Amino acid sequence: MTGFISVEDFQHTLQTNGDAYQLIDVREAIELRLANLNHLGFRHYPLSEFEAWHEQILKDLQPDRPTYVLCHHGIRSAQVAEWLRQQGFHPVINISGGIQAWSERVDPAIPTY
């Protein structure tokens, strides 16, 4: 499975699949201070620091586990998801609409920015 998932379907996945997946947030540190889903277990790999972590992520994560990627709206996460697919990760799923959609449609307690 590769591609996109809605925030509603992602929430369902979190509730039904335990911790059988890997979660990546590619937003900037300042964005995480404004709104984050760290309590769900997201690892932070900011896209702007790709050169600093692109080799390490291949050691940190397992390419055969479902990997979900999040950003603000879904653009940056789509870039990282595609790169992970090229590195042999499968499945890789971009969370469509990002944390903005999560806040608007799943958890309004998460601030928007």
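Structure first, text after, so check above.
The residue count restarts for each chain, going from 1 along the sequence in the order it is written. Confidence filtering applies because this is a predicted model: local features only for residues at pLDDT of at least 70, side-chain atom pairs given and counted only at 80 or more, and all residues used for totals across whole chains, interfaces and linings. To get the side-chain values, take all heavy atoms of the structure and skip hydrogens and water.

**Details of the overall build of the chain**
Alright, step 1. Helix and strand assignments follow DSSP, with helices taken as H or I runs no shorter than four residues and strands as E runs no shorter than two, numbered in order from the N terminus. Per the secondary structure count, the chain includes 6 helices and 5 strands.
Alright, step 2. Reading the secondary structure of the chain in the N-to-C direction produces β-α-β-α-β-α-α-β-α-β-α.
Alright, step 3. Here the globule rule reads 2.2 Å times residues to the power 0.38, and the radius of gyration is calculated from C-alpha atoms. The C-alpha atoms of the chain give 13 Å as radius of gyration, which agrees with the globular expectation for 113 residues (13 Å, within 12%).
Alright, step 4. Oriented by its inertia axes, the alpha-carbon framework of the chain measures out at about 35 × 30 × 20 Å.
Alright, step 5. Each residue's exposure class comes from its accessible area (1.4 Å probe, protein chains only) as a fraction of the maximum for that residue type: buried when under 20%, exposed when over 50%, partly exposed otherwise. When the 113 residues of the chain are sorted by exposure, 43% land in the buried category.
Alright, step 6. Put simply, the chain shows about 5900 Å² of open surface, and 50% of that area lies on carbon and sulfur atoms. Each accessible area is a Shrake-Rupley result for a 1.4 Å probe, and residues are judged covered by the shown protein chains and nothing else.

**Considerations on the side chain of serine 77**
Alright, step 1. Looking at where serine 77 falls in the secondary structure, it is placed in helix 5 (residues 75-86).
Alright, step 2. In this description, contact between two residues means that some pair of their heavy atoms is separated by no more than 4.5 Å. Non-local contacts of serine 77, meaning those with residues more than four positions away in its chain, are made with Val26, Val69, Leu70, Cys71 and Asn94.

**Observations concerning helix 6 (residues 98-105)**
Alright, step 1. For helix 6, the buried fraction is high: 6 of the 8 residues fall into the buried class.
Alright, step 2. Restricting attention to buried positions, one finds in helix 6 the residues Gly98, Ile99, Gln100, Ala101, Trp102 and Ser103.

**Observations concerning helix 1 (residues 7-16)**
Alright, step 1. All buried positions along helix 1 are accounted for by Val7, Phe10, Thr13 and Leu14. The buried residues of helix 1 occupy an angular sector of 110° when the element is viewed end-on, so they sit on one face.
Alright, step 2. The elements touched by buried residues of helix 1 are strand 1 (3-5), strand 2 (22-25), strand 4 (67-70), strand 5 (92-95) and helix 6.
Alright, step 3. Backbone geometry just after helix 1 places glycine 18 at a positive phi near 55°. The arc under discussion is defined with respect to the helix axis, by the directions toward the C-beta atoms.

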